Amino acid sequence: SSRLMQSKTVLVIGAGACSALGGLWLWWRWRKYRVLFNPVFDEHGVPVERMETPKEILFGKVEGENRGPCPMDPPIKRKDDLFWLRDDTRSDPQVLAHLNRENAYFEHKFKPLRRLHTKIYREFVSHVKETDEEVPYPWGDYMYYTRTVKGLSYPIHCRKPMNRKDEARAEEVVLDINLLSKGKKYCDVHSVEPSPDHKLIGFTVDHTGYETFEIKIKDMTTGRLVPLGVGGSAGQLVWGLHNSEFFYTTMDSEHRPYKVWRHILGEDQSKDVCLFTEEDELFWVDIEKTCSGRFLIVETCSPTTSETHVLDLQDSKATLSVVQPRIKDHRYSVEHWGDHFYIITNMDKCINSKLVKTRISSPGRDHWVEVLPYEKSTKLDYLVCFADHVVINGRCDGLKMCRIMEMRTGVVHDLTFDEECYDIYPKKNKKFDTQMFRFGYSSLITPHSTFEYDMTTKNKTKLKEQEVPGYDRNLYRTARIMAQARDGEQVPVSLVFHKDCAWAKSKTPSPMMLYGYGSYGICIDPSFDSKTISFLDRGMIYAIAHIRGGGEMGRQWYEEQGKFLTKMNTFTDFCDCAEHLIKLGMTTSSRLAISGRSAGGLLMGAVMNLRPDLFRAVVAGVPFVDIMATMSDPSIPLTITEWEEWGNPNERRFFDYMLTYSPVDNIRDAHYPALLVTAGLNDPRVPYWEPAKWVARLREKSKSKKPLLLRTDMSSGHFAASDRYRLMAERSIEYAFVVDQLGCSDLLQ
């Protein structure tokens, strides 16, 4: 009988345990998905609730809101029955449950590709020298560099004293981001800045992905953090002339950097002095120090207009003063050399900018003197100044250029390179009194390299080429072709492919990935990315369409032909490039995938609506797709400043035009291509609800049975994972999706 009682007790306890576990499971299921017994998703995706009374979106005049200078009155009303997906706090249980259900649906549909995903991820890692070190660069009495260690997710910032013989013991760890990231899902370090005497290290860090940074100071003598408590920063940190002070920027409620502050070490943040406030909501503020180290530069700019203020750090009584008061559509940037400011400006209708100078004592444009004659075919971007030379960085014939000017004689010469298409960029040049200019170089087949260029002798020395294990550049080919747009404009396309792909061997179509961006005048230059090898080794062609809206062919490529009321050129250019590649026989629409991120995601949405038949698969990263609703609402971060990029839909002419290409508003009954969309919950630039609404509306209309997938990272922002291994894992998901859709999962023999 005792055994019988024991058995009954065990059964009761077991039943209770099962009941408790079942209760915990139901509680977890409800908390995560807001469902108990119903399916999390169905065969078509995630059912999305509709608002019984849709939200009215107003376009035009709204009392108490900044809707621009000429809003429509009365306003136009449009209804949005998915508005409930917007949660500015990122904490609404119903919204989070919807995103979790979308992630569960993604995992379900992606499960057959997990083996392929793992294989591609391992390929990514195999092409990375996991333990590596960058070329040290001189700064003060030290050589600074970063290094990585196999298995560690973040770089380690280090330095060594110059002329130290015992190299092994000389290294000092400036900042180990791996230690800083412990216990954090996200860790973005924006600035790492030594103080003028190099005894302190200032850095800014964000642990959410929302791009709000905390400023920290490390004492290199003790190795400990200095008590500081300075938060709410936009990420910039600039030291003064001495260790006692630094400058930083803060943001307004719309996440716009608008104030510049001076902080004195040892004092509370509440005592910081505000040096500058930008009241115009179209403008953003940025700060930096001139190459000479003498001046603090405060630049405030909108997409079309800029204004620069300077503070002489060598004069303790100096105050912030304006170089040239803002004039609408006048852009300029300032550097310092000798007794002059050197200025790149678009004044006198020089759309691609020219170089002028003016005395420090009389900085206004009435005193500006031309240094080099304006060349319409050459775009000037920024300067790097040295004691005897100035390096002018810009673009010519669609590629980057570096022009060296000898300051005593005014003689100029250009750096030249052999490859047909490439990317060059200044590296850290922290030593002012030197003849040596450090720059980086790469191409679609040449790994990133660090060069040192003697500006006097014109000798160029390669200091290091990035080691890419398992990569042989002789197996690959690169080319640059021109595709004719429908209005006759010639659009450059950069290409890279394996020498044994179908197109290279027999001129038969190959699977292809076509990448595009085309906004803000940003250039997508043909630089090396080891991840692309996984496409190329499967016989794919990788192509970049340098479409209008970018700045590859000069400022007019963007300003006159790819923004505001000419924005449609961006989308038709991309379709025309795709058509051209198909006409050449390089690929077919059934073997063509396309990709773009952020504003490039807007591009993806627009071309899918224009030509859903032209593409087999689409990857849209953090896509800006609900352009009408977002650009009408000044409470959303970045909206007001973006009016000078896209136009303000609160004004009639922009309302009508933008509505013709807004991805969410132009979805139609069509056979859409396979689509993978990524989002970041904490993204302040493209809020998560835009891709969530887009995918929900596409599922309603698409006649295709191809997958429409949304994957939201619940712990990052606009720039995806900060952990290098996790980032590779995320990108390998996109690659696996693409090669599966294009039917080229196997490597070339």
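All values reported here derive from a predicted model rather than from experimental measurement. (Residues numbered from 1 in each chain as written. Predicted model: local features only at pLDDT ≥ 70, side-chain atom pairs only at ≥ 80, totals over all residues. Heavy atoms only, no water.)

Student: Teacher, can you tell me more about the pairing of strand β29 (residues 449-454) here?
Tutor: Across the six residues that make up β29, a large majority, five, are buried. Hairpin connection from strand β28 (residues 436-442) to β29: six residues lie between these consecutive antiparallel strands. The pairing of β29 with strand β30 (residues 460-465) spans five bridges and is classified as antiparallel. Looking at the pairing, T450 lines up with K464 of β30. The antiparallel hairpin formed by β29 and β30 contains five residues in its connecting segment, where K458 sits at a positive phi of about 70 degrees. (Buried < 20%, exposed > 50% of the residue type's maximum accessible area, 1.4 Å probe, protein only. Helix = DSSP H or I, 4+ residues; strand = E, 2+ residues; numbered from the N terminus. Pairing = 2+ DSSP bridges.)

Student: Just to check I follow, could you spell out the side chain of R403 for this structure?
Tutor: Along the chain, the position of R403 falls in strand β25 (residues 399-406). Given a relative accessible area of 11%, R403 falls into the buried group. Among the polar contacts listed, one links the side chain of R403 to the side chain of D414, at a separation of 2.7 Å. If we ignore the near neighbours within four places in the chain, the residues touching R403 are E375, T378, V390, V391, I392, V412, H413 and D414. (Polar contact = N/O pair within 3.5 Å; in protein donor to acceptor, adjacent residues only side chain to side chain. Contact = heavy atoms within 4.5 Å.)

Student: Where do I start with the sheet that holds strand β22 (residues 369-370) in this structure?
Tutor: To summarise the sheet geometry, strands pair through backbone hydrogen bonds and adopt either a parallel or an antiparallel arrangement. What the four strands build is an open sheet, ordered β19-β20-β21-β22; its pairing is antiparallel. Only two strands of the sheet have a single partner each, and these edge strands are β19 (332-337) and β22. Inspection of the sheet shows β19 paired to strand β20 (residues 340-345) by six bridges, in the antiparallel sense. Counted as the bridge partner of H336 is F341 from β20.

Student: How should I be thinking about the sheet that holds β30 in this particular structure?
Tutor: Spatially, β27-β28-β29-β30 is the arrangement adopted by the four strands of the open sheet, whose pairing is antiparallel. Only two strands of the sheet have a single neighbouring strand rather than two, namely β27 (423-426) and β30. The average angle at which neighbouring strand axes cross in this sheet is 30 degrees, direction not considered. Direction of pairing for β28 relative to β29: antiparallel, over a ladder of six bridges. Looking at β29, one finds that F437 is bridged to Y453. (Axes fitted to C-alpha atoms, helices over the stretch in contact; angles between N-to-C directions.)

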